[in-house]
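# What the coordinates show
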Amino acid sequence: MAPVSLYSMLSDVLPAFIFFDTMRAGLFPTCGGASPGVSPHPIQENSGMNRLQEFLDNPHIITGTATVAADPQLTLIAANKALYTLVGETAESCRQQGNSLLPWIEQSSAVRLIGLLAGHPPLFDWEGVLVRKDATSVRIRLSGTRMEGVLHKGQYPVYLSAFTDLACVEEMLRSAEYERRKYALIADISEDLPFEYDFETDTIAYTQKYHKVFGHEPVIPRFRERLGRGEAIDPVSEGFREPFLALDAEKASTEAAPERFLPTHSGRKRWFALYSTNILDTLGKPVKSVGALRDIDRQKREQLRLLDKSRTDSMTGLYNKVTTEEEIRIALRDARPGSSGVLFMIDIDNFKDVNDSMGHLAGDSIIMEIARQLRRTFRQDDIIGRVGGDEFHVYMRDVSEIAGIRTRAQSLCSSIRNLFKNSNIDNAVSVSVGIAVTERPIAYEDLFRQADVALYHAKGNGKNRYEFFGQSSGGDADGVQTSAPLAVNTVRNSIMVDIIDILFSMYDMHEGIDKALHFIGNALRVDKILIFE
């Protein structure tokens, strides 16, 4: 603590009438008692001395502190325990040597100090050598401030002085530099970019690694002021604008660190997370915010890969069944009033026959090629998923013209029919498509049921075609429209083939039976099927 600050605190501790009057009269007691030949008022003397000693012995004052007279003996008027510890002496030994600093100071150093104080400077700084009780030497810096209006024995100025062990200071500086280098090394080899934000100066400071990673200056003045004005400082500040502006807000312990995908100096974008915590003053007000930008790119990409893997079909890369349903439900929930949505239910015709005759590798090739064709046929933001071995669902949001849907369905059937035209599976692959259109809020289950019924109509009407739910006409791959109802015999003949197709395409037999029964009910327009053994 600076001598001036100590003097200011000391003046607050001692009442003026005790502090100045007794000192001016030479009545202020030394560490060995009152000055010879003087009889001050006992209450004033004891009260002032006790309060002074209490102040000097404050445990928060860790440097040696004393009041010293600028007389030839350098009389020690009062001292704290830290000073006695520094020289290896006690208050008792101080009294025995006449309350003088001279026995503690190396001779040439003492000559210089006495000469310096002879000029009665208002402030001084001096370096010299103290000799401890065990004869070891201590290099010190002595800093003092003259106490105005206070004289020892009515003649010599009194200085409030601080004794600093230079060896300890140098050791602390070495330790601080070591810690700084260690901190910089750890920061350099880690994935963190530490920072410190000062609320008072509105300055954020990163390590030099920040410049290496992002190509921008690591120290940014007027930081939050500029962010609040909407200024684009650099990609990091822009990406984390809201979290930085809320640095002084309380954070829940469970609150996740914000993550951003940021451009780096190399030109490649990487994922970073922002971590921070505040240092508060005694009133609970934040004075500093310390934290780090953590490079989470590797973990984040792996997380996204696993998430993508859990949401997609491994063979085609399309959404899997669960994700397809989830995305369609969200689209139905968030549909804009007055907008139309269209669900396509697409099933590969006679796929079991192709698998049996040409092998599973050929079957897999057909599925992947059809998946690619679906991507080409539909819009980029349409929901496309593989929901079964040979079945796909597509949902289109915000459709403006239903006539365009008919054209798209026609194009899909034709393109898939022609997809393998020049291969050895020509004329073996086609699709049937059931289409349900909604212009109002509808539950996913209802829309699914409508498209399912339309699909079975397309199957029953000869396959290689599309049907709209609620309409009596559809279209085949060649654009032929049919409106006549299905003949009963035609349906029955088709049902047996499709039941076998369904059962062999399902991994779970119970699920296959349920699907087959559902198909029979829709094809024959039967509401309930009872099975008797």
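Please read these numbers as outputs of a predicted model, since none were measured by experiment.

Here is what the cut-offs are and how they apply
Residues numbered from 1 in each chain as written. Predicted model: local features only at pLDDT ≥ 70, side-chain atom pairs only at ≥ 80, totals over all residues. Heavy atoms only, no water. Helix = DSSP H or I, 4+ residues; strand = E, 2+ residues; numbered from the N terminus. Buried < 20%, exposed > 50% of the residue type's maximum accessible area, 1.4 Å probe, protein only. Contact = heavy atoms within 4.5 Å. Areas by Shrake-Rupley, 256 points an atom, 1.4 Å probe, with all protein chains shown as cover. Pairing = 2+ DSSP bridges. Phe/Tyr/Trp six-rings, centres within 6.5 Å; stacked < 30°, edge-to-face > 60°. Lys NZ or Arg CZ within 6 Å of the ring centre and 35° of its normal. Salt bridge = Lys/Arg side-chain N within 4 Å of Asp/Glu carboxyl O. Expected span 1.5 Å × (residues − 1). Arc of directions from axis to C-beta. Core = buried A, V, L, I, M, F, W, Y, C linked by side-chain atoms within 4.5 Å. Axes fitted to C-alpha atoms, helices over the stretch in contact; angles between N-to-C directions. Parallel < 35°, antiparallel > 145°, perpendicular 65-115°, else oblique. Left-handed = near helix turned anticlockwise from the far one by under 90°. Nonpolar A, V, L, I, M, F, W, Y, C, P; charged D, E, K, R; others polar. pLDDT = per-residue confidence, 0-100.

### Comments concerning the overall build of the protein
Within the protein, the regular secondary structure consists of 19 helices and 17 strands. Within the span of the protein, comprising 533 residues, buried residues form 44% of the whole. In the protein, of all internal contacts separated by at least 6 residues, the share reaching a separation of at least 24 is 55%. Carbon and sulfur atoms make up 55% of the accessible area of the protein, which amounts to about 28,600 Å² in all.

### Regarding the pairing of strand β2 (residues 76–79)
For a regular strand, the rule is simple: side chains alternate between the two faces of the sheet. Two elements, strand β1 (residues 64–69) and β2, share three bridges in a ladder whose sense is antiparallel. Across the sheet, the residue bridging to Thr67 is Ala78, located in β2. Here β1 folds back onto β2 in antiparallel fashion, the turn holding six residues, of which Leu74 has a positive phi close to 50°.

### Let's talk about the packing of aromatic side chains
Enumeration over the complete set of coordinates arrives at 15 aromatic pairs. Ring centres of Phe240 and Phe244 lie 6.4 Å apart, and the angle between their planes is 75°; this geometry places the pair in the edge-to-face category. We note that Phe240, like Phe244, is buried. Ring geometry for Phe344 against Phe378: centres 5.0 Å apart, planes inclined by 70°, an arrangement best described as edge-to-face. Here Phe344 is found in strand β12 (residues 340–348), whereas its partner Phe378 is found in the loop between α15 (360–377) and β13 (383–386), with 34 residues between them in sequence. Just as Phe344 is buried, Phe378 falls in that class too. An aromatic cluster of at least three residues, connected via ring pairs, comprises Phe195, Tyr197, Phe199, Tyr206, Tyr210, Phe214, Phe223, Phe240, Phe244 and Phe272. Taking the ring centre of Tyr275 as reference, the NZ or CZ of Arg294 above it sits at 4.8 Å.

### Section: the pattern of salt bridges
For the structure shown, the criterion picks out 37 salt bridges. Linking Asp334 and Arg333 is a salt bridge whose minimum nitrogen-to-oxygen distance equals 2.8 Å. The class for Asp334 is partly exposed, based on a relative accessible area of 47%. Taking relative accessible area as the criterion, Arg333 reaches 61% and is therefore assigned exposed. One continuous salt-bridge network, built from bridges that share partners, spans Arg222, Glu225, Arg226, Arg229 and Glu231.

### Examining helix α13 (residues 321–333)
If you check α13, its first and last C-alpha atoms are 18 Å apart, about what 13 residues at 1.5 Å a residue would give, namely 18 Å. Those residues of α13 lying buried are Thr323, Thr324, Glu327, Ile328, Ala331 and Leu332. Buried residues of α13, viewed axially, fall in a sector of 170°; they line one side. Summarising the geometry of α13, the exposed residues directed more than 90 degrees from the buried face are Val322 and Arg333.

### Focus: unusual backbone geometry
One non-glycine residue with positive phi stands out, namely His120, at about 50°. Here His120 shows up in the loop between α6 (107–117) and β3 (123–131). Not every positive phi belongs to a glycine, and Asn464 is a case in point at roughly 50°. You can call Asn464 buried: its relative accessible area is 15%.

### Description of the environment of Ile402
With respect to the helices and strands, the residue Ile402 is situated in helix α16 (residues 402–417). Through-space distance from the C-alpha of Ile402 to that of Val342 is 8.8 Å; in sequence the pair is 60 residues apart. Apart from residues lying up to four places away in sequence, Ile402 is in contact with Val437, Glu439 and Phe468.

### Some remarks on the nonpolar core
Taken as a class, soluble globular proteins show a tendency for nonpolar side chains to be buried jointly. Grouped together as the largest cluster of nonpolar side chains are 30 residues, with contacts concentrated most on Phe344, Ile346, Ile370, Phe392, Val433 and Ile435. The set of elements that each furnish at least two residues to this core consists of β12, α14 (351–358), α15, β14 (391–399), α16, β15 (431–438) and β16 (465–468). Leu74, Leu86, Ala110 and Phe163 belong to the second-largest nonpolar core, a separate cluster that totals 25 residues.

### Overview of the packing of α15 against α16
Contact pair α15 / α16: the axes reach a minimum separation of 11 Å and the direction vectors enclose 150°. With respect to α16, the axis of α15 lies roughly antiparallel. When you trace α15 past α16, the crossing you get is right-handed. When α15 is examined against α16, the residues Ile370, Gln373, Leu374 and Thr377 are found in contact with a partner set consisting of Arg408, Leu412, Ser415 and Ile416. Considering only residue class, the contact of α15 with α16 consists of four nonpolar, three polar and one charged.

### Here's the deal with the confidence of the model for the protein
Model confidence for the protein is summarised by a mean pLDDT of 80, while 76% of its residues fall at 70 or above. Element-level mean pLDDT values for the protein span from 34 in helix α2 (residues 16–24) up to 96 in strand β8 (residues 219–220). Below a pLDDT of 50 lies the segment residues 1–46, which in the model reaches 84 contacts outside its immediate sequence neighbourhood of four places, other chains included. Overall, residues 477–492 carries pLDDT values under 50, and its contacts beyond four positions in sequence, including any with other chains, amount to 28 contacts.

### Quick word on the sheet that holds β1
One open sheet holds the five strands; their spatial order is β2-β1-β5-β4-β3, and the pairing between them is antiparallel. Two strands close off the open sheet at either side, each with one partner strand: β2 and β3. Neighbour-to-neighbour, the strand axes of the sheet open up by a mean angle of 30°, direction not taken into account. Where β3 meets strand β4 (residues 137–152), nine bridges bridge the pair, whose relative direction is antiparallel. Its bridge partner being in β4, Trp126 is matched across the sheet by Leu142.

### Details of α14
Residues spaced three or four apart along an α-helix point in a common direction, a consequence of the helix completing one turn every 3.6 residues. Looking only at α14, the buried set comprises Phe351, Lys352, Val354 and Asn355. On an axial view of α14, the arc spanned by its buried residues comes to 160°, and they lie on one face. Residues of α14 that are exposed and angled more than 90 degrees away from the buried face: Asp356 and Ser357. Immediately downstream of α14, the backbone of Gly359 shows phi near 95°, a positive value.

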